Structure formats: C-alpha cells, structure tokens
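# Descriptive structure summary
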Amino acid sequence: MNGEADIDARAEAFIIPGRAAFLEALDFTRPGLAPVRAALDRGDVEAAGLIFMRHFRTREMASPLLEEWSRVPRDPALVPEAARRILAGHLQDGYNVYDVPPTGVDWHEAPLACLTRFDMFSLLTPAAWHSGDARYVRFMIDHSLDYIRAWPIESFIGQDTRKGWRNHYVVAPPWWWCMHPNRLYQWAHLLAFLRRDPATADDELLTILHRMLQEIRFHGLFFDRHVNCGENVGAFILEVMATLSVVMADFRESRLWMDRVAGGVVRFIAEDFYPDGLYKELVSSYSASVALEIQKPAYVILEHAAMWPQKDRLRAMLIALAAQTKPSGMLTSFGDLYAHSLQSYIMAPLADALGLAWMNPFIAGEGPVPPFIQWPEHAGDAWGGYYSMRSDWSPRAL
C-alpha cells in the first residue's frame, strides 16, 4: 500500500462491548461523574446512563471550536433551501443527488459517495436553529441511528482508511479517510447543539456517543498516518480531534487526544507550511482551508510551550491570506475549486492574539489596512511561488 505498513484494526482496539463498558470509560474524577461510578458499582447500568446524561446535557461546553448558537439571532430567512429539500427526502452530498425511495435510504448502494460524511448536517443544524422546526433535529438523529444500524461497528474490523473505495456514484465505506473524520466532526457539533433538546431521548444520545467513542478509537489507529504525511486531511483531523476533546471531555482518553493534537499541530505548521505562510498544496482554496483548519487547534494550544517557536509562521499564514485578497475581498483562486472571502479563512481571536491588530478591522472594513502593498514583505523569498503587488488597499486598487 504505497510503502505504508498495514495497520491491524483488531476488534479489541476499538470495539466497546455494551453500555456498561462504555460508561466505564468515563473519567470519574471529573465533577459530577462520581454518582455514575456509584451506580455502576451497584450494577445499575440504566441509572448510570441516566445520571451521565443529566451531566452531559448541562455541563459547560463553551469553546472557540464550537458555535455558540444561543448568541446567534434567529432568522427564518436564513434557513437554506437545500435543508428544506433534504427534509423532503431530496439528499445531496456535494457531488450527486438522491431521492430517497419509500423503502428508505440505501446505505450501501445509494448514488451518494459521501453519504457517510454527514455533510448535510452543516445545512440542517442552522436550519434547525433559525426555523425552530424540530423536524430538522429529528432528521439528524434518525439519520445517525440509521447509519449505526446499517454499518455495525463490527464491519470496521480489519478495515483500513485507504481501502474500500468503489467509485463516485455509490456509497463509500464509512472508514474511508475522507468520510470518517468528517462524520465525527459533524457528530461533535450536532451533540453540542442538541444535547439540551428534551425531544432527543437519553438512549439516543448514549447510542451515538457510544458509537462515536468506538469510531474515535478506530480513527486513532490511523491518526499518525494522515497527520504526519502532511496531506490536507491531516489538518482537518487535528481540528476534529481538538473539537472532540471538548465534546467528549468526560472520557479519560480525551486528555491523550489533546496531547496528540498539540504535537500534530506543531509538526504540521513547521513542516507543511512554507516560511512565507503558504501550505505546500498550492491550490488556493485548499491552502486557505488548511490554514483555517490549523488555526483553530493552534489557537486552543497557543500558550503551549511547543507552540512558541511556531508563532511567527502562524502570523505568516494569516498575512499570506490577506496578501492574496483581491480588492473585492475574495482570495485569488488558482487550481481546483474557488477560494472565498478573507473572512472565511481567518480565526478572528487568533489574529488578535498574534498581534495582527489590523486584520479584523480590515476584514470588517472599519479602519486599518495591512501594513504592506507588496508580498512577500521586505523582499522576502516567495517559497510558494506566489507574489502580490498592488497600488493600495482600496476597492479600486490596481
């Protein structure tokens, strides 16, 4: 397999047999979880699950990695039309479309290669918030539980993140490298969003959390493969694992996930971004997206001692994004896909923390502009081969 060593995805490495074993993975030293331990010691697994759910639904989960929906004004006009179509059974995965038949979703042969990525949730979650329509949340819960039934965790035994792809017009296996981290990411954001929803049953949340922990363990077997080779999914995996460390913080192993994230972020910035701030995959849209994905976990661990030597390169990454911005506010596009606005690729609090005081006002159009009109600055080397020159930063600049 391209010179890579095979990874043995044995059942004991990731399968957690039963609710009791799942609950035993909790960190009982955390505030609020001692009663779960006591219930398990009494042999009352059902009570232990209910106690954990009361804790999970109410505990603090604020993080710059999660959307704080309570601060977002509701606006029914912002419900995506695509979300309404999904609710009506017209599914899409960004590449193809699928009208669900009366028999339900075909989780193995539907013409949606990315069905198991759960990318639809990124449309359905804002639709649920802005509309207040409980059907959107119910769709996501049912979709998740249907997936769990259609692809039992036992089907992951012996599998590999680079095995099983067929073509773009049939469901990719859920362990495929491009499906697995996205699904965990969508689940993390979904649970943070709906955990307080009284219409979502405790057993439904426990079932999804149980499956998530098993899939995270499977994912962990392949973490180094994808992060250490510098491919773009590696940056996303680092963001995903940092986010999971927040949502799944009640589990003992979550502390180890953040240790791996810290090491991975430092290595990725040092080895996979050029000194001028460009990611080594020089397609504009991907380079900018990877820069954003790295910014998020980097911000969380910014004061970690290992991050200090990388702060200059982090600054260079943000400056490079600004330098590629056209007078329209959009990034220049080279290669596959289209790049979006500068605002789409900058984590605002990180820019401030790195001392780029002009960045956020510039994005908002409220004041300072970048302190350069030629980039790389100071006649520096254009490691990525891109240059930027302009007359000024006005909308009519040359």
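Preceding this section is the structure that the text describes.
Because the structure is a prediction, the values reported are computed rather than measured.

For the rest of this paragraph, the subject is the overall build of the protein. Across its full length, the protein holds 16 helices and four strands. The C-alpha radius of gyration of the protein comes to 22 Å, within 12% of the 21 Å expected for a compact globule of 398 residues. Principal axes of the C-alpha set define a box for the protein whose edges measure 70 × 50 × 50 Å. The burial tally for the protein puts 51% of its 398 residues in the buried class. Pairs at least 24 apart in sequence give 69% of the contacts found in the protein among residues at least 6 apart. Per element, the accessible surface of the protein, about 17900 Å² overall, is 55% carbon and sulfur. Charged side chains of the protein number 37 positive and 48 negative; the gap between the two group centres comes to 2 Å.

With that settled, consider the packing of helix α4 (residues 45-58) against helix α9 (residues 202-221). Their axes nearest at 10 Å, the elements α4 and α9 cross at an angle of 85°. With respect to α9, the element α4 is oriented roughly perpendicular. Contacts between α4 and α9 involve Gly49, Leu50, Phe52, Met53, Phe56 and Arg57 from the former and Asp202, Leu205, Leu206 and Leu209 from the latter. Among the residues forming the contact of α4 with α9, the class breakdown is seven nonpolar, one polar and two charged.

Structurally, Arg195 is set in the loop between α8 (180-194) and α9. As a buried residue without a salt bridge, Arg195 has its nearest oppositely charged side chain in Glu60, at a separation of 6.5 Å. Apart from the residues lying within four places of it in its own chain, the contact partners of Arg195 are Phe56, Arg57, Thr58, Arg59, Met61 and Leu205.

Scoring rules and cut-offs
Residues numbered from 1 in each chain as written. Predicted model: local features only at pLDDT ≥ 70, side-chain atom pairs only at ≥ 80, totals over all residues. Heavy atoms only, no water. Helix = DSSP H or I, 4+ residues; strand = E, 2+ residues; numbered from the N terminus. Rg over C-alpha atoms; globule rule 2.2 N^0.38 Å. Buried < 20%, exposed > 50% of the residue type's maximum accessible area, 1.4 Å probe, protein only. Contact = heavy atoms within 4.5 Å. Areas by Shrake-Rupley, 256 points an atom, 1.4 Å probe, with all protein chains shown as cover. Lys, Arg positive; Asp, Glu negative; His and termini not counted. Charge placed at Lys NZ, Arg CZ, Asp CG, Glu CD. Axes fitted to C-alpha atoms, helices over the stretch in contact; angles between N-to-C directions. Parallel < 35°, antiparallel > 145°, perpendicular 65-115°, else oblique. Nonpolar A, V, L, I, M, F, W, Y, C, P; charged D, E, K, R; others polar. Salt bridge = Lys/Arg side-chain N within 4 Å of Asp/Glu carboxyl O.

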